[in-house]
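Fold and contact review
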Amino acid sequence: VNSTSFAQVPAAQFEILRAAFVCDFTRMVTFMWNPGASAGSFSSFGVGDHHNISHSSQRSKLSAVDKWYSEKTLPFVQSLIATAEPAGGKLIDNTLVWYVSEVSEGATHSQVDMPFVLFGGDNVGLKSRGRIADVTGRTSTDIWLSIAPVFGMPQATSFEVPHTGKIPGLIT
């Protein structure tokens, strides 16, 4: 798979997701660009195999791939901001997008101290948007526990995997 043809299918999938939200067919989806062990190629950055680069110390190449994914995801988030919600407001008002990798460090497959971004509107409970939260020592499960109330699970306390608990102040 190369980055040029690879971007076309997700762009169409993002449009399908946006349309599903507009029609209220669903309010919850997951989307994965690629599984971690994929051999996606980004020849314009000198990356012949994304998985192998994630295990190396070639951080500049991995950062270029991460930037590419971010830039290709941005139009979807912008479409949620721009699209009217049939009941009023914008789609982003009732949407929470968790943008995250499946690991924080490819070489070790660590899931601790995983960087992430949450995009969301007025009705999803994001506290103090536009800030950086300190998630030192936290796992992705802690984030799931924190955002569970947005998905109708306010009493979630465990997903039966390692965690330290909800991240205070992430969601109101």
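Please refer to the structure higher up on the page.
The structure contained in this document is the topic of the report that follows. Computed from a predicted model, the values in this text were never measured in an experiment. (Residues numbered from 1 in each chain as written. Predicted model: local features only at pLDDT ≥ 70, side-chain atom pairs only at ≥ 80, totals over all residues. Heavy atoms only, no water.)

1. Quick look at the overall build of the protein
Helices and strands together make up the secondary structure of the protein, namely five helices and two strands. For the protein, the N- to C-terminal ordering of α and β elements is α-α-α-α-β-β-α. Computed over the C-alpha atoms, the radius of gyration of the protein is 17 Å, within 12% of the 16 Å expected from 2.2 N^0.38 for a compact globule of 172 residues. Overall size of the protein, expressed as C-alpha extent along the three principal axes, is 45 × 35 × 25 Å. Split into buried and exposed, the 172 residues of the protein put 35% on the buried side. In the protein, of all internal contacts separated by at least 6 residues, the share reaching a separation of at least 24 is 50%. In the form shown here, the protein has an accessible surface area of approximately 10,000 Å², with 57% of it arising from carbon and sulfur atoms. The protein carries 12 positive and 14 negative side-chain charges, and their two centres are separated by 6 Å. (Helix = DSSP H or I, 4+ residues; strand = E, 2+ residues; numbered from the N terminus. Rg over C-alpha atoms; globule rule 2.2 N^0.38 Å. Buried < 20%, exposed > 50% of the residue type's maximum accessible area, 1.4 Å probe, protein only. Contact = heavy atoms within 4.5 Å. Areas by Shrake-Rupley, 256 points an atom, 1.4 Å probe, with all protein chains shown as cover. Lys, Arg positive; Asp, Glu negative; His and termini not counted. Charge placed at Lys NZ, Arg CZ, Asp CG, Glu CD.)

2. Considering the environment of G130
The topology assignment puts G130 in the loop between β2 (116-120) and α5 (140-147). Residue classification places G130 among the exposed residues on the basis of a relative accessible area of 87%. With 41 residues separating them in the primary sequence, G130 and G89 have C-alpha atoms 20 Å apart.

3. Observations concerning helix α2 (residues 8-22)
Relative to the 21 Å expected for 15 residues at 1.5 Å per residue, α2 spans 22 Å between its end C-alpha atoms, a close match to the ideal helical length. All of the buried residues along α2 are P10, F14, L17, R18, A20 and F21. The arc that holds the buried residues of α2, viewed along the axis, is 160°, so those residues lie on one side. Across α2 from its buried face, at more than 90 degrees, point the exposed residues Q8, V9 and I16. (Expected span 1.5 Å × (residues − 1). Arc of directions from axis to C-beta.)

4. Remarks on the nonpolar core
Among the nonpolar cores identified, the biggest contains 18 residues, and W33, F42, W68, Y69, F76 and L80 are the most heavily contacted of them. Within the residue set of this core, elements represented by two or more residues are α2 and α4 (59-82). At six residues, the largest contribution of residues to this core is made by α4. Other than its neighbours up to four places away in sequence, F76 contacts F14, L17, R18 and F21. With 12 residues, the next largest nonpolar core counts W98, F116, V135 and L170 among its residues. (Core = buried A, V, L, I, M, F, W, Y, C linked by side-chain atoms within 4.5 Å.)

5. Some remarks on the side chain of D142
One can find D142 in helix α5. Residue classification places D142 among the buried residues on the basis of a relative accessible area of 0%. For D142, the side chain forms a polar contact with the main-chain nitrogen of T164, separated by 2.7 Å. The residues contacting D142, other than those within four sequence positions of it, are H163, T164, G165, K166 and I167. (Polar contact = N/O pair within 3.5 Å; in protein donor to acceptor, adjacent residues only side chain to side chain.)

6. What about the environment of G40?
With respect to the secondary-structure elements, G40 resides in the loop between α2 and α3 (50-54). The buried category is assigned to G40, whose relative accessible area is 5%. Separated by 12 residues in the primary sequence, G40 and N52 have C-alpha atoms spaced 9.8 Å apart.

7. Regarding the environment of L118
Along the chain, L118 falls in strand β2. A residue is classified by how much of its surface remains accessible, and L118, at 17% relative accessible area, is buried. A sequence separation of 19 residues divides L118 from Y99, and the C-alpha atoms of the two residues are 6.2 Å apart. Contact partners of L118, with chain neighbours within four places excluded, come to L96, V97, W98, L126, I147 and L170.

Remember that the coordinates give geometry; whether it matters functionally is a separate question.
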